[in-house]
Amino acid sequence: MRTPQDFPRRAPRASRRTRVIVVGVLVAVVVAIVVLRALAGFWINYLWFSSVGFTSVFRGVLLTKVVLAAIFVTIFFVVMLASLTVADRLAPAEVDPATANELVVRYRELAWSRGRQIRVAVSIVFALLAGVGTDREWNNWDLFHYAVSFGVTDPQFHRDVGFYVFRLPFIEFLIGWAFEAVIVVLIVTAVFYYLGGSILPQAHHQRVSPGAKAHLSVLLGLLAIVRAVGYYYDRLALVLSRSHVVDGATNTSVHANAPADFILMAIAVIAAALFLANIRQRGWILPAVGVALWGLVALLIGVAYPAIYQALRVNPSELTREATYIQRNIDATRAAYGLNKVKVHDSYDYSPTVTTSEIQGASGPQAQVNQQTIANIRLLDPQVDLLNAFNKYQALRSYYSFDQLSVDRYVMSLNGSPPQETGTVTAVRELNNSVPSGFVNQKLVYTHGYGAVVAPIGEAGVSPGGEPNFTLQGLPPQGQPSLDTAKGAEIYYGLGPDTGGYVIADSKTPEVDYENAAGQQITGHYAGHGGVPAGNLLRRAAFASYFGDANFLLSGQITASSRVMFIRNVIARVQKAAPFLKLDSDPYAVILNNQVYWVIDAYTVSDNYPYSQNANLDGLPANSGLQTTFNYVRNSVKVVVSAYNGSMKFYAWDPNDPILRVYMRAFPDLFTPASEAPADLVAHFRYPEDLFQVQTNMYGRYHLTDASDFYSQAQAWAVSPDPGSGPLSETSFASAGVGANGLVSAPSVPRLPPQYELASLPGSSRPEENFLLVTPFVPISATGSSQNLTAIMTASSDPGTYGELNVYPLPAGTTVDGPGLISNLIRANQQISTELTLYNQQGSQVELGEVAVVPVDDTLLYVEPVYVESTATHVPTLDDVVVVYNGKAYHSGNASIDNALCQITNPDGSKPFSNYCNTAAAQNAAPVTASTPSGSGSGTSTTTTVPQPGVSVQSLLAQASSDFANAQKALQAGNLGTYQADVQQAQQAVQKAQQLAARPPGG
């Protein structure tokens, strides 16, 4: 047996009190730190909104969140407390220990005297839990509160579309929240009745007291009423349902589901009446009958009947039964995606050839436009990894890099020609993660990138060696378009990875602008109004807490006027200021008034447009804000962000959009009328690619406006599959097909992305307006074998015609190869395929650009640039350009399109592009072959060289391989002139080998 000395001694009371005090102090300190950090974060966020001029947005969203949470917490608290108070008052004064559970007895002994405090505490806890997440409904509340009319009614229930888009989401949330709240109150109340002794499962006679039965019956009746309201709105929401035929209320929805919801609503009301009647009856027979009837009807009418109706009534004659609802879906979908404004041109007089006068007519305006189109054919393809080339030639310092290439257009004078609109590739020089380490370097010295580079996208943008030919370049930036180095060239806000952190501008430490050719660092101090002033000691302490960096307090280089810049990524910046907008995946830089601006397309979307089809997102970039569920979309806002100050302008680009009108009512200080956008800036606005991708995906089916045609899908289109771009070894081609239901294939093959082109619309009376997005269509077919071009869809980005959507169907009976067949035709050219194979070995890699569909007058040119890069450096250079015209493939043999155009010959022997034969690029090009593969045309080929007698095919191919190896060595050494010469010699050897192999024996 243990003696008292064996037991541990209890600490003296004073020691225990000391430990309690210490623990209490530590807890208080931790709580204080957490609270202070939260307050610091709240303050810094407010200062950020204040710095960009949108404090009204911050206050509006915060106030809505707080009020919503407070309302729902208060409602739940009052209901729960009232129910528990009633339960407490109806509890018996005493319970028989023989029939009561020990837990009940103990609870009454320990907690009965503290019943009020317990009820309040339980109500507070459950109210806070019920209020969690309700603040996230702030956006739905704003839509509900500021709702406007669409001016369009749904064809089934004849309610304005605005009811479904703006009001129904919040109503459905209210119904769901109320149903869950009543269930929680019911369960907690029942528990209290059990603990209070009103529910005694062990009792032989009265297991539930009459008062408890009456109270619980009221709660069950309230639950049934809430569900009845739910059935009413479920019936209205049928116009938003998803069907196997089309979205919206189809035949089964209207004739089976809608009546079922109405009957279930009536049954729920009857059940509620039975529960309330049970207050007097105080038995369980009436509630049991009500619940059983409700469940039976829900099973038979809500589930079984619609399935039987669909199988026996609709499926045997689906088109007849669904025609009305298919037509509703067609009309709604076309309106929801803006497809009802597409202009279909029936007069497109397609011709496989053009005449010499249409290309070379010096006095004809259309010929001049055609020449401008050809000059701007995309040879610098952003789809290829050209960023490496831009970084190699123009990053210039290890801590600078380019993160994205953007297609735009500027009015420029090239090679002494008059100024004209020119397609360009633009990139912004930003900081990267190679900045020297340390607080001073990373936060005070290296604070910004510097300048931008611009290269024409077409012929003028490529040097003879295949490298980009920049019209704006260098440090400091020089060339056109103008970018003044005295101000505005500094890039504080951009897309690079470093923009996720913060920097402090205008400190006592000079900031590096750039390093000049002499190796001198040119420094300066920020003179703009971007960022948040560092301010006094208290504000700097808040910054130190927010960023977890004590240098805000310790560094002597920071002044009160220093600017703390954070959230510098323009996408994150815009999303924080307007979280209700969806953003495009491709922000682009515009050089204007000697400064750099970022333009971001923003969308308003909804998934509650009645009868509209859910969006087809096939081919949409993964980082697009449209990667969500929606059936209505508008490009309502153009956001412009200064790369120098970070200031944002939200231009209300489509003020007729009802969703934008709601947000303009909710946040009137956020938006600027589109009429106030500078004309020079509007000239650079582009029709967004993400929106056009979705619209073309949908238009493939929804160009069919007759329900019968739509159902059969015989004339449905699909965006042309991408024949493959990028590394030659990774390119593939897949065909379009249809799904098992015979309607449309699931997204399974890569689609050709929309391409910006400077090209004249066929038959256009406005040839000067020609900055277009272009997408080709091919048929949807059961086997995917049909790859003929069926139509071309364009979207205009020019100020006078911005947003115009045009479709040019190919004439009936005309067979025109689509991009997939063109790709096959190119690869079937023996010389081209041989050269691609030889390029793609011995340390080099071929990269193929996108096949571009270029409208020139009434015909089409297909153009594919071919790049070669070293597998060691991964810097691509343009090595060849392939042009397909009238079913024949021609290639240039060098980094210019001229030689390929020079070879083009019409069936009558004329050479419509002969004016391109006089250029230096064409005259210095290697001899090439134009051919049509057997089975797809005449099968003839035109050669320009003759092999010498006594030379074998093997020796010529060996010579070509040696020349390609020498070219690769020159490329790795950076000797581009030698590289190009060796490549041309190899091409000549390959051509001679082909000609020799084609000669008949003894020939």
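Residues numbered from 1 in each chain as written. Predicted model: local features only at pLDDT ≥ 70, side-chain atom pairs only at ≥ 80, totals over all residues. Heavy atoms only, no water.

1. Here's the deal with the nonpolar core
Basically, it comes down to this: Here, nonpolar core means buried Ala, Val, Leu, Ile, Met, Phe, Trp, Tyr and Cys residues that are tied together by side-chain atoms lying within 4.5 Å of each other. Burial classes follow relative accessibility: with a 1.4 Å probe on protein chains only, a residue under 20% of its type's maximum area counts as buried, one over 50% as exposed, and anything between as partly exposed. Numbering of helices and strands runs from the N terminus, with a helix taken as a DSSP run of H or I at least four residues long and a strand as a DSSP run of E at least two residues long. In what follows, a contact means two residues having at least one pair of non-hydrogen atoms within 4.5 Å.
Ranked by size, the top nonpolar core spans 220 residues in total, and within it Phe390, Phe650, Leu861 and Phe913 carry the most contacts. Sorting elements by how many residues they give to this core places helix H6 (residues 161–196) first, with 17 residues. Beyond its immediate stretch of four places on either side in the chain, Phe913 contacts Val354, Ile359, Gln360, Ile374, Leu861, Tyr885, Leu901, Cys902 and Ile904. Ile792, Leu810, Val816 and Leu825 belong to the second largest nonpolar core, which has 35 residues in total.

2. Brief notes about helix H9 (residues 285–314)
Spelled out, the test is: Multiplying 1.5 Å by the residue count of a helix minus one yields the expected span of that helix. The angle separating two fitted axes, one through the seven residues that finish at a residue and one through the seven that start at it, defines the bend at that residue.
Over its 30 residues, H9 extends 40 Å from the first C-alpha to the last, a length consistent with the 44 Å expected when each residue adds 1.5 Å. Along its length, H9 shows its largest kink, about 35°, at Ala304, and proline Pro306 lies within four residues downstream of that point. Along H9, the residues classified as buried are Pro287, Gly290, Trp294, Val297, Pro306, Tyr309, Gln310 and Val314.

3. Some details on the packing of aromatic side chains
Worth spelling out the cut-off: The pairing test for Phe, Tyr and Trp rings, Trp by its six-membered ring, is centres within 6.5 Å, and the orientation test on the planes gives stacked under 30 degrees, edge-to-face over 60, and tilted for anything in between. Counting as a charge over the ring demands two things of the Lys NZ or Arg CZ atom: a distance within 6 Å of the ring centre and an angle within 35 degrees of the ring normal.
What the rule picks out here adds up to 52 aromatic pairs. A centroid spacing of 4.9 Å and a plane angle of 90° characterise the contact between Tyr546 and Phe547, whose relative ring orientation is edge-to-face. We classify Tyr546 as partly exposed; its relative accessible area is 29%. Aromatic rings pair up to connect Phe72, Phe76, Trp141, Phe144, Phe170, Phe173 and Trp177 into one cluster. Sitting above the plane of the Phe163 ring, Arg159 keeps its charged end 4.6 Å from the centroid. Looking at Lys576, its charged tip hangs above the ring of Trp48, at a distance of 5.7 Å from the centre.

4. Re the pairing of strand E30 (residues 877–885)
Stated precisely, the cut-off is as follows: A strand pair is defined by DSSP finding two or more bridges across the two strands.
Along E30, nine of the nine residues are buried, which leaves the element largely enclosed by surrounding structure. Note that strand E29 (residues 859–870) and E30 share seven bridges and pair antiparallel. Paired with Tyr862 across the strands is Val884, a residue of E30. Hairpin connection between E29 and E30: a loop of six residues separates the two successive antiparallel strands, and His874 in this loop has a positive phi of roughly 55°. Linking E30 to strand E31 (residues 888–891), which pair antiparallel, is a turn of two residues; within it Asn886 sits at a positive phi near 55°.

5. A look at the state of the cysteines
Note the following rule: A pair of sulfur atoms, both from cysteines and within 2.5 Å, is called a disulfide here.
Using the criterion set out here, one finds one disulfide in the structure. Each sulfur of the disulfide joining Cys902 and Cys917 lies 1.9 Å from the other. Taking the torsion about the sulfur-sulfur bond, which here is approximately 105°, the covalent link between Cys902 and Cys917 counts as right-handed. Remark: Cys917 occurs in the loop between helix H24 (898–903) and helix H25 (920–923) and Cys902 occurs in helix H24; sequence separation between them is 15 residues.

6. Looking at the sheet that holds strand E13 (residues 532–533)
Strand pairs in the sheet, formed through backbone hydrogen bonds, run parallel or antiparallel to each other. In space, the three strands of this open sheet follow the order E10-E14-E13, with antiparallel pairing throughout. Each end of this open sheet is capped by a strand with a single partner; those strands are strand E10 (503–505) and E13. By the bridge criterion, two bridges tie E13 to strand E14 (residues 563–565) in an arrangement that is antiparallel. Residue pairing across strands places Pro533 opposite Arg563, the latter belonging to E14.

7. Regarding the confidence of the model for the chain
Formally: Known as pLDDT, the predictor's per-residue confidence is scaled from 0 to 100.
Per-residue pLDDT for the chain averages 85, and the proportion of residues at 70 or more is 84%. Note on residues 929–951: pLDDT under 50 across the span, and 47 contacts to partners over four residues away in sequence or across chains. Here residues 999–1003 is a poorly scored stretch, pLDDT under 50, and it has zero contacts once near neighbours within four places are set aside; other chains count.

8. Brief notes about unusual backbone geometry
Of the consecutive residues Leu475 and Pro476, the connecting peptide bond is found in the cis state with omega at 0°. In this structure, Pro476 sits in the loop between strand E7 (472–473) and strand E8 (478–479). The amide bond that connects Gln480 to the next residue, Pro481, takes the cis arrangement and shows omega of 0°. With a phi angle near 75°, Leu396 is a residue other than glycine that sits in the positive phi range. Within the element layout of this structure, Leu396 appears in the loop between helix H13 (387–394) and strand E2 (400–402). Residues other than glycine seldom take positive phi values, yet Asp506 does so here, at roughly 60°.

9. A short note on the environment of Asn886
Relative to the helices and strands, Asn886 is located in the loop between E30 and E31. Since its relative accessible area comes to 35%, Asn886 is described here as partly exposed. C-alpha separation for the pair Asn886 and Val816, spaced 70 residues apart in sequence, amounts to 9.0 Å. Those residues in contact with Asn886, other than ones at most four positions away along the chain, are Pro352, Thr353 and Pro907.

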